[in-house]
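Results of the structural survey
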Amino acid sequence: MEKIKYAIIGFGGIAENRIAKEGFACDTARFGALDKAELTGATDVNPARREAVEALGLTWYGSMDDILADPEIDAVFVATNNLTHAKIAEAAMRAGKHVIVEKPISTNITDAQKLVATAKETGMSLAVDHMMVFNSYNELAKETIAAGKLGAVNDCCFHMEFSYGSSPEEANTWRCSSIEEMGGPIGDVASHCMYMAEFMFDSPIVSLACVYLPKMMDMKVEDGAYVKFTMANGMSGSAKVAFSENRGGLGGTLSNLGYEIYGSDAALRGYATLFQLSGYDDEPVKIRLELDKFDSQESLKPEKIQNIYQQVVSHHAESIMKGTQMLGGDGVHNLELCAAAHKSAQNNGSVIEV
């Protein structure tokens, strides 16, 4: 098996511009072919998306069933609406296809646990697109913390706050109107903040407390939330997420998507490190990582930039080639954290064990 052959199920904007063009290097002007994976086709419930698929030189499949019936396809990347993730991922594994599924793995914990059980039963490799852990700046941040350059670390804050849902069009999107699809800042972006905190300190979150921000916007989901969490290693931290913060505009919004890690000797600050960016020069803002020693500041830069979506694909393909099965347990845990945050907020900010 020279390369794992993939097809994408669900070809919206993220699938086209991030997963296909970046993750599978279909934008040949920017990227070379992947060593372990190849995207060969895609489908979408909207037949008008066929033109976008074929423009990238990919095969258009008339339906998901056509993909699952194709013996040439080894694996699928599920990028459909959240409510269908679990159903499609299970069908794919039972059809003998390995699976990468967009976050969230499912919209409820029962279905998520069933997917892990299905992966174990079928032997298929199941991954969830937690792509930010592969950002080179975030990897460098983790190395910097582990090397003790901050001294004794006792706190951290991860934040993704921006303006979304103020217009009628935005308010009608699933992010603002559908709690069932994990709409709202907790399901949409606190999920990223929490798996990134666990990544930075290599320790799971074991308890949290959460409160919603004041309700100021005319949308069905929460405006925002403040989450305090504790990890198994004793580290405490917080996640601040919102759809109700203007942040000036695009530059201010993107640079605000980051974190601060607080130590006795220094603080580590990431700017635009929690987003879909990888750190290329042609991206809308520059990713920055700053080591603040309190009397001086040092900019940290990784030796090499890697595409975050390509790394998701490559790690999954490698797991198939080497037989080191991925089971998607991180996706289940992340979903449990989001559910716990809502439960806490709905119970006066009480501490919830996870």
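Note: the structure precedes this text.
Bear in mind that the values here come from a model prediction, so they are computed numbers and not experimental data. (Residues numbered from 1 in each chain as written. Predicted model: local features only at pLDDT ≥ 70, side-chain atom pairs only at ≥ 80, totals over all residues. Heavy atoms only, no water.)

On a plain count of helices and strands, the chain comes out with 12 helices and 15 strands. Computed over C-alpha atoms, the radius of gyration of the chain comes to 20 Å, within 12% of the 20 Å expected from 2.2 N^0.38 for 354 residues, which places it in the range of a compact globule. Counting only C-alpha atoms, the chain reaches 60 × 45 × 40 Å along its principal axes. Per-residue burial over the chain gives 56% buried out of 354 residues. (Helix = DSSP H or I, 4+ residues; strand = E, 2+ residues; numbered from the N terminus. Rg over C-alpha atoms; globule rule 2.2 N^0.38 Å. Buried < 20%, exposed > 50% of the residue type's maximum accessible area, 1.4 Å probe, protein only.)

Here we have 6 strands laid out as an open sheet, ordered β3-β2-β1-β4-β5-β6, and parallel in their pairing. At either end of the open sheet lies a strand with only one pairing partner, and these are β3 (59-60) and β6 (126-128). Bridging between strand β1 (residues 4-9) and strand β2 (residues 37-43) involves 6 bridges; their strand directions are parallel. Paired with Ile9 across the strands is Thr43, a residue of β2. (Pairing = 2+ DSSP bridges.)

Between helix α6 (residues 136-146) and helix α9 (residues 185-201), whose axes approach to 8 Å, the crossing angle comes to 45°. Classified by the interaxial angle, the pair formed by α6 and α9 is oblique. Within the contact between the two elements, α6 uses Asn138, Glu139, Ala141, Lys142 and Ile145 and α9 uses Met196, Phe199, Met200 and Phe201. Its residues assigned to classes, the contact of α6 with α9 comprises 6 nonpolar, 1 polar and 2 charged. (Axes fitted to C-alpha atoms, helices over the stretch in contact; angles between N-to-C directions. Parallel < 35°, antiparallel > 145°, perpendicular 65-115°, else oblique. Contact = heavy atoms within 4.5 Å. Nonpolar A, V, L, I, M, F, W, Y, C, P; charged D, E, K, R; others polar.)

In terms of residue burial, helix α4 (residues 85-94) counts as a mostly covered element, since 7 of its 10 residues are buried. If you check which residues of α4 are buried, you get His85, Ala86, Ile88, Ala89, Glu90, Ala92 and Met93. Where α4 is buried, its residues meet β1, α3 (64-68), β4 (75-78), β5 (98-101), α5 (109-122) and β6. Looking at the residues trailing α4, positive phi occurs at Gly96, about 85°.

Moving on to helix α12 (residues 329-345). For an α-helix the count is 3.6 residues per turn, leaving residues at separations of three or four pointing the same way. Its 17 residues place the ends of α12 25 Å apart at the C-alpha level, agreeing with the 24 Å of an ideal helix rising 1.5 Å per residue. For α12, the buried fraction is high: 12 of the 17 residues fall into the buried class. Structurally, α12 contributes buried residues whose contacts are with α5, β6, α9, β8 (205-212) and β15 (352-353). (Expected span 1.5 Å × (residues − 1).)

The next thing to look at is the sheet that holds strand β14 (residues 297-299). Across the sheet, which stays open at both edges, the 9 strands sit in the order β14-β13-β12-β11-β7-β10-β9-β8-β15 with mixed pairing between neighbours. If you trace the sheet from one side to the other, it starts and ends with β14 and β15, each paired once. Here 7 bridges tie strand β9 (residues 224-231) to strand β10 (residues 236-242), and the two strands are oriented antiparallel to one another. Residue pairing across strands places Gly224 opposite Ala242, the latter belonging to β10.

Before going further, it helps to examine the packing of helix α1 (residues 13-23) against helix α11 (residues 308-322). Contact geometry of α1 with α11 gives a least axis separation of 8 Å together with a crossing angle of 65°. Judged on the interaxial angle alone, α11 and α1 are roughly perpendicular. Crossing handedness for the pair α1 and α11: right-handed. Residue-level inspection shows Arg18, Ile19, Glu22 and Gly23 of α1 in contact with α11, the latter providing Tyr309, Gln310 and Val313. (Left-handed = near helix turned anticlockwise from the far one by under 90°.)

Nonpolar side chains in soluble globular proteins tend to be buried together. Counting 116 residues, the largest nonpolar core has Tyr6, Ile8, Phe24 and Phe158 as the members making the most contacts within it. Here this core gets 11 residues from one element, more than from any other, and that element is α9. (Core = buried A, V, L, I, M, F, W, Y, C linked by side-chain atoms within 4.5 Å.)

Under the definition given, this model contains 0 disulfides. This cysteine, Cys157, is not joined by any disulfide, and Cys156 carries the nearest cysteine sulfur, 7.8 Å off. (Disulfide = S-S within 2.5 Å.)

Moving on to the packing of aromatic side chains. Centre-to-centre distance and the angle between the planes together describe a pair of aromatic rings. For the coordinates displayed, the defined rule picks out 5 aromatic pairs. Consider the rings of Tyr6 and Phe24, whose centres lie 5.2 Å apart with planes at 55°: the pair is tilted. Residue Tyr6 is found in strand β1, and its partner Phe24 is found in the loop between α1 and β2; the two are separated by 18 residues along the sequence. In terms of burial, Tyr6 and Phe24 fall into one category: buried. Put simply, the rings of Phe162, Tyr164 and Phe243 touch in pairs and so form one group of aromatic residues. Over the ring of Phe199 we find Lys142, and its NZ or CZ is 4.4 Å from the ring centre. Across the ring face of Tyr271, the terminal group of Arg288 is positioned such that the distance to the ring centre comes to 4.0 Å. (Phe/Tyr/Trp six-rings, centres within 6.5 Å; stacked < 30°, edge-to-face > 60°. Lys NZ or Arg CZ within 6 Å of the ring centre and 35° of its normal.)

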